[in-house]
Protein chains: 2
Amino acid sequence: MPELPPYWLRDNCPCAECRDPRNGQKLFQITDLPDDLAIAAQTEQGTQTEQNGQGGQGGQGGHLEVLWSDGHRSRYPLEWLAGAAPDGGAGGTVDGDGRTEADKRLWTAADFADGLPEAEWTAYLADPAERAAVLAAVRRSGFAVLRGVPAVERQVLAVAGTFGYVRVTNYGELFDVRVEPDPNNLAFTSAAITPHTDNPYRDPVPTLQLLHCLENSATGGDSGLVDGFKAAAVLREEAPEAFAVLTRTPVPFVFRDRDTELRADRPLIGVDPLGRIREVRFNNRSIGTLRGTARELDAFYDAYRRFAAITLRPELQLEFRLDRGDCLIFDNVRLMHARTAFEKDGHRHLQGCYADLDSLASTLAVLHRRAAALDAIAELFAGEGAGEYLGEAVTMAEHMLQAGALAEAAGAAPHLVAAALLHDVGHFQGALHGRDLMEGQDNRHSDTGADWLARWFGPEVTDPVRLHVAAKRYLCAVEPGYRARLSEASEYTLRVQGGPMSEEQAAAFAAHPGAEDAVAVRRWDEQAKEADADTPGFAHFRPLLAALMR
Amino acid sequence: MPELPPYWLRDNCPCAECRDPRNGQKLFQITDLPDDLAIAAQTEQGTQTEQNGQGGQGGQGGHLEVLWSDGHRSRYPLEWLAGAAPDGGAGGTVDGDGRTEADKRLWTAADFADGLPEAEWTAYLADPAERAAVLAAVRRSGFAVLRGVPAVERQVLAVAGTFGYVRVTNYGELFDVRVEPDPNNLAFTSAAITPHTDNPYRDPVPTLQLLHCLENSATGGDSGLVDGFKAAAVLREEAPEAFAVLTRTPVPFVFRDRDTELRADRPLIGVDPLGRIREVRFNNRSIGTLRGTARELDAFYDAYRRFAAITLRPELQLEFRLDRGDCLIFDNVRLMHARTAFEKDGHRHLQGCYADLDSLASTLAVLHRRAAALDAIAELFAGEGAGEYLGEAVTMAEHMLQAGALAEAAGAAPHLVAAALLHDVGHFQGALHGRDLMEGQDNRHSDTGADWLARWFGPEVTDPVRLHVAAKRYLCAVEPGYRARLSEASEYTLRVQGGPMSEEQAAAFAAHPGAEDAVAVRRWDEQAKEADADTPGFAHFRPLLAALMR
């Protein structure tokens, strides 16, 4: 283990005292650390002691134990260190925040010769995978098109609401793009508009724009997009000094009407501290009067004209038509949008709004996180769950699928179908396995399962799971004949789990607000042990689970 | 005249073909200009030909006429050139967009020993000057406090609405800052919070934050602010290399809860391309794992710890208490906010929201623009208007003030009071003066006045002004005895203005939707010629005019 920078290492201490386990927020201040912080002792521990392989940074690869000079103790997963540690591992190649050119797919029009990134609105709504694909396209390529979005007023706001928050500006919560009698902006005429980004005179600019077509029967009025990052990258390749001039010259962008007076001084090409393209502002109409020496102004205008000329190259211009019901979503800090002129007597009406790219990225990350969770659950059904009988005539996977199917057949609410489907996952998650239970040691699998599921599901799903063993002990106590219907294995585990409840325990259980749901799940649990039942596979339940995830 | 950079000069052509007079947006593309653009001929013209000294770039100092190699002609006010031209004039010292350290007042706590920038809510609402002072304080010093804001739920949204737009985030449209049972953020506990900026894991961050105190009876729970730009400037002075490290190191800020996964990689200190401090992100809790070489990580943590220590210096910490009804507005890209711990059993409840600094700046600019307009109108009343009788027993200023007072005494709507007050301003604005009218040449002062006023007032004010001469010609035609009541001067000008209307003209006038308002103004006009009337001064009408301005 090479020597690790002490403050860096300590700042990343994952212990619950240093970092809130719920949100990863640090619970100490950097100024709380002493001036001479040092590692007093460190030891590596192997994988043998690992019990819980599922926890995020838990990993399977052992830990580095650190005793600090101030007495604090930290424990770092070696797997985490391998990826994060300085001067080694994946340090230099990990993903950034997805916002610079390094994380984008830079494109020319030919890259979409086979079609645009697009989805049907109904599929987008129904299927998280479809939704993730659309959002990922916006994040990687800068745009996507939704087709068949209901062509009704204000619908564009609902589209934005599927991934983020609307950004209100002086143009309103939403704006109508159509010919207006006294337009305060070229957008509201029928004239052609060359590629540009919106609102460059704001800082920050709106990061996303949505344009929803309510009608387009005009001759002309086609849409165009240019990848501003690509255009900037082309400029950098062809004329590095011109690129540098555009990154280092703050340009005054201005907008003024009767109720508004906006100004932002920002470069046309914004780079991050490492020099990577991160933002493009390009709007010929709103560049105000630049100040500088004659030499600087000549250099800027030369660079600006080169850049503008690149954006007009046909190979960079992606052209397509928005028809009624189409909604274009695009990255306004990267892509430039354009439209051809149209006949004034043709009807063309778009409604647009601005929204935030970081919420889109958050929604996408959460969709990915949930998909990964569903994959993990599916794997459990396909793997361990498919091989383990735990004394029944069916595998645990079959048992849980039957319970879910019985709940569904009974018309139960989705959260109960999910609870029935997942009630026994705890057999495979805790320190003690279902097999331990069958050998007489209670594995408390209802708690273990509920805790594991709580990462993704709310109490409406986890409470019945947590209480399904108690519900058995309750029913055996209060319902004559119930105990007699238990399977042999269930009768055995009943005793390990504490036997039927006492009268007092039963009364307390019945008073629990979740008792009814738990009892319902328990009844399906008891029935779901038919050796030859015809049960749908896990994939059948995936959309239902996805919709319940939080 | 030194040689001017041709593309720069042409891009600033103010002609109506090149630039929309309403919003200053350019009507040509930079790529429309030929590759070999040059000045074919240029001549300076003196001030003598100037007719209209009021127009923005019009100025009083003559013009530069340019004939371009492509045949276009441009005309630049010399006054504008003097300020904007390269290598001279005020080029280097003009204001930026107000967002970098160059446009701020950097402060320490001692700078507010005499009190915070603050205003009463009612005064803030009623008086545009008070409103402008509060917004200017936020812009220059980064914060202001409104006192006596109604301590009711959601009121903070109304405060934001007085200058801008609410920015919705994963914390909602607004958020309650009080102790919560299961907090997803340290803010929602009773713990102390050291100086920090909010939402550093978003890009862009919310630029403004508002915190409205609904209750603060807790022991502790005081508020603190630190000028992050000042802290950064101190770091630059004391440890320039540490400052440089913080400007060039993108830091991964992260936030994750069940429904959110945000990340932004941005430096702690953001500088513009000229190296000026423009943005500070500082939140110990949400700094994720930084990657780099051991040397880079050591350098970063050294700089970060120095910066953090500076933010905790007592002289930088401004402390105060928010009481019920106080609303703090502050710049979240500059100021760090903090709070002391408080007793859990004391009640402390703030409601907060985020909003946009650029709209605040826009609102402030428009308030300044309107104040300047009111100053120009006041100057007209105090100057030319106070010296000119135009044949009446009272000066033009007295005449208009009387007309306004008569309208007010009659209980007229504010727009009619304004129209009565301002109806004769056209005598001093047009190519022809009121004196020309008195010498028999119609100066069309009703049109000139209405056009001048239309920059700031809507048609409800300008239409009666535009029609007040027509109303005289109308009344003289249709109302027996009206003409006999005209003053001598008015009888004279009636003839210059075309005499009483024909029957056809009168019918057309009566059918005009604005006829009634115009006639009302005309009657006050006729009465407002009392030599010894006791009339309020212009200042009396200023708030009424301010409220009508758009």
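Residues numbered from 1 in each chain as written. Chains lettered and ligands numbered in written order. Predicted model: local features only at pLDDT ≥ 70, side-chain atom pairs only at ≥ 80, totals over all residues. Heavy atoms only, no water.

Asks: Can you help me understand the packing of helix α12 (residues 414-422) of chain A against helix α18 (residues 515-527) of chain A in this one?
Replies: When two helices pack together, their arrangement is given by the angle between their axes and by how far apart the axes lie. Residues and elements named next belong to chain A. At a minimum axis distance of 9 Å, the contact between α12 and α18 shows a crossing angle of 50°. Judged by the angle between their axes, α12 and α18 are oblique. In this structure, α12 meets α18 at a crossing whose hand is right-handed. On α18, the residues that touch His415, Leu416, Ala419 and Ala420 of α12 are Asp517, Val521 and Trp524. (Axes fitted to C-alpha atoms, helices over the stretch in contact; angles between N-to-C directions. Helix = DSSP H or I, 4+ residues; strand = E, 2+ residues; numbered from the N terminus. Parallel < 35°, antiparallel > 145°, perpendicular 65-115°, else oblique. Left-handed = near helix turned anticlockwise from the far one by under 90°. Contact = heavy atoms within 4.5 Å.)

Asks: Looking at this structure, how should I read unusual backbone geometry?
Replies: Of the consecutive residues A:Asp203 and A:Pro204, the connecting peptide bond is found in the cis state with omega at 0°. Examined against the element boundaries, A:Pro204 turns out to sit in the loop between β8 (193-196) and β9 (208-216). Despite not being glycine, B:Leu390 has its phi angle at roughly 45°, a positive value. Considering the arrangement of structural elements, one finds B:Leu390 in the loop between α10 (384-387) and α11 (396-409). Classification of B:Leu390 by relative accessible area gives buried; the value is 8%. (Buried < 20%, exposed > 50% of the residue type's maximum accessible area, 1.4 Å probe, protein only.)

Asks: Help me understand the relation of the copies chain B and chain A in this model?
Replies: Applying a rotation about an axis and a shift along it to one chain copy brings it onto the other copy. The two copies are related by a screw motion: chain B maps onto chain A through a turn of 179° and a shift of 0.1 Å along the axis, at an RMSD of 0.3 Å. Here the transformation between the copies is reduced to the relation of a two-fold axis. (Least-squares fit on C-alpha atoms with pLDDT ≥ 70 in both.)

Asks: What exactly am I supposed to notice about the interface of chain B and chain A here?
Replies: Interface size is commonly expressed as the accessible surface area that is lost when the partners come together. With 97 residues of chain B in contact, the opposing surface of chain A contributes 97 residues. In this assembly, chain B and chain A are joined by 16 salt bridges. A salt bridge links A:Glu261 to B:Arg369, with the nearest nitrogen and oxygen atoms 2.8 Å apart. For the pair chain B and chain A, the interface holds 53 residue pairs in polar contact (both at pLDDT 80 or more). Of all elements in the fold, only α1 (6-11), α2 (78-84), α7 (240-248), β11 (251-257), β12 (260-266), α8 (294-311) and α9 (357-382) of chain B reach the threshold of two or more residues within the side of chain B that touches chain A. (Salt bridge = Lys/Arg side-chain N within 4 Å of Asp/Glu carboxyl O. Polar contact = N/O pair within 3.5 Å; in protein donor to acceptor, adjacent residues only side chain to side chain.)

Asks: Teacher, can you tell me more about the sheet that holds strand β15 (residues 318-320) of chain A here?
Replies: Two pairing modes exist for strands in a sheet, parallel and antiparallel, and in both the strands are linked by backbone hydrogen bonds. All names here are of chain A. The four strands are arranged β8-β17-β10-β15 in an open sheet whose pairing can be described as antiparallel. Unpaired on one side and paired on the other, β8 and β15 mark the two borders of the sheet. Ignoring strand direction, the axes of neighbouring strands in this sheet form an average angle of 15°. (Pairing = 2+ DSSP bridges.)

Asks: Where do I start with the sheet that holds strand β8 (residues 193-196) of chain B in this structure?
Replies: Residue and element names in this part refer to chain B. Read across the open sheet, the four strands follow the order β8-β17-β10-β15; overall the sheet is antiparallel. Since the sheet does not close on itself, it has two edges, and those belong to β8 and β15 (318-320), each with one partner. Neighbour-to-neighbour, the strand axes of the sheet open up by a mean angle of 15°, direction not taken into account. When β8 meets strand β17 (residues 335-339), the two strands line up antiparallel, connected through two bridges. By the bridge assignment for β17, His196 is matched with His337. Together, β10 (223-227) and β17 form the strand contacts of helix α6 (residues 228-238), whose direction differs from that of β10 by roughly 45°.

Asks: What should I look at first to understand helix α4 (residues 128-141) of chain A in this one?
Replies: In an α-helix, one full turn covers 3.6 residues, which means residues spaced three or four apart are oriented alike. Residue and element names in this part refer to chain A. Helix length check: α4, at 14 residues, gives a terminal C-alpha distance of 19 Å against a target of 20 Å (1.5 Å per residue), a fit within 8%. Here α4 starts with a cap whose side-chain oxygen sits 2.8 Å from the backbone nitrogen of Ala129, and that cap is Asp127. Directly after α4, the chain includes Gly142, whose backbone phi takes a positive value near 95°. (Expected span 1.5 Å × (residues − 1).)

Asks: What should I look at first to understand the packing of helix α4 (residues 128-141) of chain B against α9(B) in this one?
Replies: Residues and elements named next belong to chain B. Put simply, α4 and α9 touch, their axes get as near as 9 Å, and they point 140° apart. Judged by the angle between their axes, α4 and α9 are oblique. At the point where α4 passes α9, the crossing takes the left-handed sense. Along its contact with α4, which presents Pro128, Arg131, Ala132, Leu135, Ala136, Val138 and Arg139, the element α9 presents Leu357, Leu360, Ala361, Thr363, Leu364, Leu367 and His368.

Asks: Quick question: what am I supposed to make of the domain arrangement of chain A here?
Replies: Along its sequence, chain A is carved into domain 1 (6-84), domain 2 (102-148 + 156-363) and domain 3 (383-548). In this structure, domain 1 of chain A and domain 2 of chain A have C-alpha centres spaced 44 Å apart. (Domains from an automatic or database assignment.)

Asks: What's the story with the pairing of strand β5 (residues 143-147) of chain B in this structure? I'm lost.
Replies: Residues in a regular strand project their side chains so that they alternate between the two faces of the sheet. Residue and element names in this part refer to chain B. Within β5, five of the five residues are buried, leaving the element largely enclosed by the surrounding structure. Burial along β5 is two-sided: Phe143, Val145 and Arg147 and Ala144 and Leu146, pointing in opposite directions, are all buried. Relative to β5, strand β4 (residues 118-120) is paired through three bridges, and the arrangement is parallel. Across the sheet, Glu120 pairs through a bridge with Arg147, a residue of β5. Taken together, the four bridges between β5 and strand β16 (residues 327-331) define a ladder with antiparallel strand orientation. Residue pairing in the sheet places Ala144 in a bridge with Ile329 of β16.

Asks: Help me out: how do you make sense of the environment of B:Pro6 in this one?
Replies: Take B:Pro6: it is sitting in helix α1. Sequence separation between B:Pro6 and B:Trp68 is 62 residues, and the spatial gap between their C-alpha atoms is 9.1 Å. Ignoring sequence-local partners within four residues, the contact set of B:Pro6 consists of A:Asp298, B:Leu37 and B:Trp68.

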